[in-house]
Amino acid sequence: MASNGIGNDLELVERVELRFALADTDTQLASAVDSFLVPLIGKLSSTTPGVQAKVMQLLSHINARIKAAPQIALPVKPLIVHLLAGANTATIARNFSVVYLELALDRASTNSKTDRAQFAPLLLAAIPAAIGSTDPAKHPLTLKLASLVARSATNALDFPPLSPAALAARDTLFAALATDAEWATIHDALAYALRQPSGLPNLTNGEQWSTAKRTLISLIHWWTPADKAAWARSYALFVGTCDPVAIVADHAETTWRKNKVDVEDARLVKAILGLYLAQPTEQETPTPATVAVKTKVLAWVVKSKTAANAFPELLKVVFDAMFGKGTTAKIQAGGVGFLQWVARSVCLYLPIRDLFAGADMTDTCRRINPFWTVLLPFWFPEL
């Protein structure tokens, strides 16, 4: 369905419409769908007047016909490849690709392990292409794409990938995504999905959702490189350890321990403190962190000197733990422990030469961590 110019787009769409009109049997319809569905979706990006409306009309006709013929398979891989085009396609075209991908995976044969094992890595690669530079928590396709990844990977990918087909698929994925930014987007999207308390699209059953989460955690561990956006990878696994479902949290905890975590990475610290504070995005309703999440975060931050100097987040966390609405004795104990860790860490950071040179320790503390500007007057009024 290649076009010699934008003026030919409308004519091409009309010719495809005729092909579908002449498809009398399911076999002919399946052939037309396989050949023309993805190019037709691509024409939604056309700037030629009347083309988009014509394509929408034809897609409506196709939907009605394939709905009545559930045995007709849709082209999964070409739809994913179309998503991989990313910035080269219009938003409406990407949205339609995801809609048809959901239907295509529903109809994909569950007996074809090799094919399904190829879909999940491709879908992972499609996440940064479809989302672009947008925050995954703000993009409407994030949860749908995460759902597609989970559904295609469950009981299909090898954990760990040992078969030649699985290793080849993983190598292809690693080669396709070379930058830290792309992997960070993937991990942020999966972390956002793991934070959801209920199911993703088409995964509303509680057991299905727990299985999907465990699949995503295994996918992060075995199918993403440890040296690319390591902080985002660690954050996604940490989110899994906070899950209210024990089987998911235990799986994430086991996986977390197998990974090397840089507790001093400022981006990881900021993300985990943000998880405690439940900072809402523009499209999210503020949802307070649960007691389990707060307890988990407070137990982790006392291992990081960077967390002890993350101003003003540490101040918000300490005061929320001590006096926040709905705080518990366990959270308060964690808050006190974090406050003690802050004091110890600042003392460890004091330059030795300043101590022996008789420098003003108060000014040194304040210079190293602004948090002391707030607390020192209360603890030591004479300073």
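Predicted model only: the values in this text are computed from it and were never measured.

(A) Main features of the packing of aromatic side chains. Taken as a whole and assessed by the stated rule, the structure comprises four aromatic pairs. Arranged with centres 5.9 Å apart and planes meeting at 45°, the rings of F319 and F323 form a pair that is tilted. Placement of both F319 and F323 in helix α15 (residues 313-323) is noted, with a separation of four residues, approximately one turn of the helix. Given the relative accessible area of 62%, F323 is considered exposed. Here a set of aromatic residues connected by ring pairs shows up, and it is made of F238, W256 and W300. Its end group placed over the ring of Y276, K294 keeps NZ or CZ at 5.3 Å from the ring centre.

(B) Seen up close, unusual backbone geometry. At the junction of F311 and P312, the peptide bond is cis and its omega measures out at 10° in the coordinates. When you line up the elements, P312 lands in the loop between α14 (291-301) and α15. Positive phi, close to 50°, is recorded for A229, a residue that is not glycine. Its place among the elements puts A229 in the loop between α10 (206-223) and α11 (230-241).

(C) Examining the environment of V76 more closely. Relative to the helices and strands, V76 resides in helix α4 (residues 76-84). For the pair V76 and L103, spaced 27 residues apart in the sequence, the C-alpha separation amounts to 9.1 Å. Setting aside anything within four residues of it in sequence, one finds V76 in contact with L101, A104, L105 and F119.

(D) Broad picture of the pattern of salt bridges. A complete count under the given rule lists seven salt bridges for this structure. Where D320 meets K294, a salt bridge forms, and the shortest distance between an N and an O atom there is 3.0 Å. Of this pair, D320 sits in helix α15 while K294 is found in helix α14, placing the two residues 26 residues apart along the sequence. Overall, D320 belongs to the partly exposed group, its relative accessible area being 22%. Classification of K294 as buried rests on a relative accessible area of 10%. One network of salt bridges, in which partners are shared, links E253, R257 and K296.

Reading guide: rules and limits
- Residues numbered from 1 in each chain as written.
- Predicted model: local features only at pLDDT ≥ 70, side-chain atom pairs only at ≥ 80, totals over all residues.
- Heavy atoms only, no water.
- Phe/Tyr/Trp six-rings, centres within 6.5 Å; stacked < 30°, edge-to-face > 60°.
- Helix = DSSP H or I, 4+ residues; strand = E, 2+ residues; numbered from the N terminus.
- Buried < 20%, exposed > 50% of the residue type's maximum accessible area, 1.4 Å probe, protein only.
- Lys NZ or Arg CZ within 6 Å of the ring centre and 35° of its normal.
- Contact = heavy atoms within 4.5 Å.
- Salt bridge = Lys/Arg side-chain N within 4 Å of Asp/Glu carboxyl O.

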